[in-house]
Amino acid sequence: MAEAAMGGNLEHALGTGEGSDVSTISAAAPAEVGLRFEVDGEIATVTLDRPDKRNAQTFATWSALARIGETLPEQVRVVVVRGEGPSFSAGIDLRMFTPEGVPGQESFASAAVLGDSEFEQLIAEAQKGFLWLRRPEIVSIAAVQGHAIGAGFQLALACDLRVVTDDVKFCMKEPALGLVPDLTGTKPLADIVGVPRAIEMCLTARTVGAAEAVRLGLAEIAVPTSELAQAVQDLAAALLATDRAAATATKRLLQAAPGRTLEEQAAAERIEQVARIRALFGRN
Ligand code: CAA
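This structure is a prediction, so every number in the text was calculated from the model and none was measured.

1. Details of the overall build of the chain
Piece 1. Of the regular secondary structure elements, the chain holds 13 helices and 10 strands.
Piece 2. Relative to its 284 residues, the chain shows a buried fraction of 45%.
Piece 3. Considering only contacts within the chain whose residues lie at least 6 apart along the sequence, 69% involve residues at least 24 apart.
Piece 4. Element-wise, carbon and sulfur atoms account for 57% of the exposed surface of the chain, whose accessible area totals about 13,700 Å².

In structure tokens:
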């Protein structure tokens, strides 16, 4: 990769550089962060890289994701989120529910004694790792193979688009474990499949395979495992073929559309188009 950021930028993204305020990250061993970050021109790739543990995620993973979002190079237009090994992600690292927790990180057993606002702040920090993937300036693509469970499903849902393999297994397992999905996944899920289907899917914690995922709009396309990387690359290339400013403005319009009336949306289209046409004719 042309501008591989395996060392410097990852260190930066992990908050181990000077001025870092992400204490959970600096305390965590890199193995528990389990992320790689690479930039190649206009495409950035975030790789969950703990395949031996099925890319289980910890607070350190989420803090590192947030730092990547904060420090994303300006030239990046497409962000690919992928997982190494047979599974995209088996969700939260189950050690976080044990009294010992993950070395150097908060466990839920210790977090449970925090006050409400402190505890909610901890979750808000984790959510930051997911929210930036919706920015209008970028298009995020989750490349999902095998299991995407709990936090893994939510990370895929945090992306704008999902390209999956034929063996994909989405599962919102949280309710089965006595939890709610809290890593920003409930809104995109309900928006995509509708509230009744989302209730059925989450409250049974059942598995959704490739054919159903495509049918419900949870995935744009399903391909054989051997074709995943190429399918993502093709999609990224097609996305990069459009004008950046127009793509950003169009994404902004589409994201806001469900919350607006037709008249409000028409007004928003006018505002964006005036800006576009002025820019095209050098009049802004
Ligand atoms: N946390 C920690 N370790 C995990 C893990 C997890 N979530 N998932 C898998 N691993 C580890 C296993 O312990 C095993 O480690 P060892 O080799 O040291 O024994 C290794 O990864 C491989 O796991 P399997 O042998 O089980 O692999 P598999 O391919 O046969 O099965 C799997 C894969 C179906 C994903 C299975 O590992 C599994 O069911 N994992 C647990 C999934 C889960 O319940 N996740 C929590 C979801 S809820 C959530 O995420 C909450 C939230 O957001 C708030």
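This is not the end of the story, as more comes after the structure.
2. Structural notes on the packing of aromatic side chains
Piece 1. Summed over all chains, the structure comprises five aromatic pairs.
Piece 2. For the pair F97 and F108, a centre-to-centre distance of 5.0 Å together with 20° between the ring planes defines the contact as stacked. Of the two residues, F97 is situated in the loop between strand 4 (78-83) and helix 5 (108-111) and F108 in helix 5; the sequence distance between them amounts to 11 residues.
Piece 3. According to the relative accessible area criterion, F108 is partly exposed, its value standing at 23%.
Piece 4. Taken together, the ring pairs connect F59, W62, F97, F108 and F130 into an aromatic cluster.

3. Considering a nonpolar patch on the surface
Piece 1. On the surface, L94, F97, L177 and L179 cluster together into a nonpolar patch covering about 350 Å² of accessible area.
Piece 2. With respect to the helices, strands and loops of the structure, L177 is situated in the loop between strand 8 (169-171) and helix 8 (186-193).
Piece 3. A relative accessible area of 45% places L177 in the partly exposed class.

4. Remarks on the site of the ligand
Piece 1. Around the ligand, the structure places 19 residues, and the nearest of them are K53, A90, I92, L94 and A151.
Piece 2. Between A90 and the ligand, the recorded distance is 2.8 Å, taken from a backbone N or O atom to a nitrogen atom.
Piece 3. In the model, a nitrogen atom of the ligand is placed 2.8 Å from a nitrogen or oxygen of the I92 main chain.
Piece 4. Sorting the residues of the shell around the ligand by element identifies strand 6 (147-149) and helix 7 (151-158) as the ones contributing at least two each.
Piece 5. When the residues that make up the shell around the ligand are grouped by side-chain class, the tally is eight nonpolar, four polar and seven charged.

5. What to know about the sheet that holds strand 9 (residues 207-208)
Piece 1. As summarised here, the arrangement of the three strands in space is 6-8-9, forming an open sheet in which the pairing is mixed. Across the chains shown, the open sheet's two edge strands, defined by having one partner strand only, are strand 6 and strand 9.
Piece 2. Where strand 8 and strand 9 come together, two bridges link them in antiparallel fashion. By the bridge assignment for strand 9, F170 is matched with V208.
Piece 3. Strands in contact with helix 7 are strand 6 and strand 8; relative to strand 6, the strand with the most contacts, it is inclined by about 95°.

6. Looking at the confidence of the model for the chain
Piece 1. Looking at the chain, the pLDDT average stands at 90 and 89% of residues meet or exceed 70.
Piece 2. Both scores are given for the predicted complex: the pTM is 0.92, the ipTM 0.98.

7. Focus on the pairing of strand 5 (residues 139-144)
Piece 1. Taking burial as the measure, the six residues of strand 5 include six buried ones, the bulk of the element.
Piece 2. Here strand 5 shows two buried faces, one formed by V139, I141 and A143 and the other by S140, A142 and V144.
Piece 3. Two elements, strand 4 and strand 5, share five bridges in a ladder whose sense is parallel. Bridged to V78 within strand 5 is V139.
Piece 4. Of the pairings in the sheet, the one linking strand 5 to strand 7 (residues 161-165) comprises four bridges and is parallel in character. Each residue of the ladder has a partner; that of I141, found in strand 7, is L161.

8. Considerations on the state of the cysteines
Piece 1. Under the counting rule described, the total for this entry stands at zero disulfides.
Piece 2. Sulfur of C171: no disulfide; nearest cysteine sulfur belongs to C202 and is 9.1 Å away.
Piece 3. For C171, a relative accessible area of 9% translates into the label buried.

9. Examining the packing of helix 4 (residues 59-70) against helix 6 (residues 116-131)
Piece 1. The geometry of helix 4 relative to helix 6 is characterised by a closest axis approach of 7 Å and an angle of 55° between their N-to-C directions. Comparing the axis directions of helix 4 and helix 6 gives the class oblique. Here helix 4 runs over helix 6; the crossing is left-handed. Of helix 6, the residues touching helix 4 (which contributes F59, W62, L65 and A66) are L122, A126, K128, G129 and F130.
Piece 2. Here the residues of the contact of helix 4 with helix 6 sort into seven nonpolar, one polar and one charged.

10. Observations concerning the nonpolar core
Piece 1. One finds W62, L72, V79, V144, F170, L189 and L218 to be the most contacted residues of the largest nonpolar core, which totals 54 residues.
Piece 2. If we ignore the near neighbours within four places in the chain, the residues touching F170 are V144, A148, F153, A156, R162, V164, R206, T207, V208 and A213.
Piece 3. Ranked by size, the runner-up nonpolar core spans 13 residues in total, among them V78, I141, A143 and L161.

Here is what the cut-offs are and how they apply
Residues numbered from 1 in each chain as written. Predicted model: local features only at pLDDT ≥ 70, side-chain atom pairs only at ≥ 80, totals over all residues. Heavy atoms only, no water. Helix = DSSP H or I, 4+ residues; strand = E, 2+ residues; numbered from the N terminus. Buried < 20%, exposed > 50% of the residue type's maximum accessible area, 1.4 Å probe, protein only. Contact = heavy atoms within 4.5 Å. Areas by Shrake-Rupley, 256 points an atom, 1.4 Å probe, with all protein chains shown as cover. Phe/Tyr/Trp six-rings, centres within 6.5 Å; stacked < 30°, edge-to-face > 60°. Patch = residues over 30% accessible without salt bridge, like charges linked within 9 Å, V, L, I, M, F, W, Y side chains within 5 Å. Salt bridge = Lys/Arg side-chain N within 4 Å of Asp/Glu carboxyl O. Near = heavy atom within 4 Å. Polar contact = N/O pair within 3.5 Å; in protein donor to acceptor, adjacent residues only side chain to side chain. Nonpolar A, V, L, I, M, F, W, Y, C, P; charged D, E, K, R; others polar. Pairing = 2+ DSSP bridges. Axes fitted to C-alpha atoms, helices over the stretch in contact; angles between N-to-C directions. pLDDT = per-residue confidence, 0-100. Disulfide = S-S within 2.5 Å. Parallel < 35°, antiparallel > 145°, perpendicular 65-115°, else oblique. Left-handed = near helix turned anticlockwise from the far one by under 90°. Core = buried A, V, L, I, M, F, W, Y, C linked by side-chain atoms within 4.5 Å.

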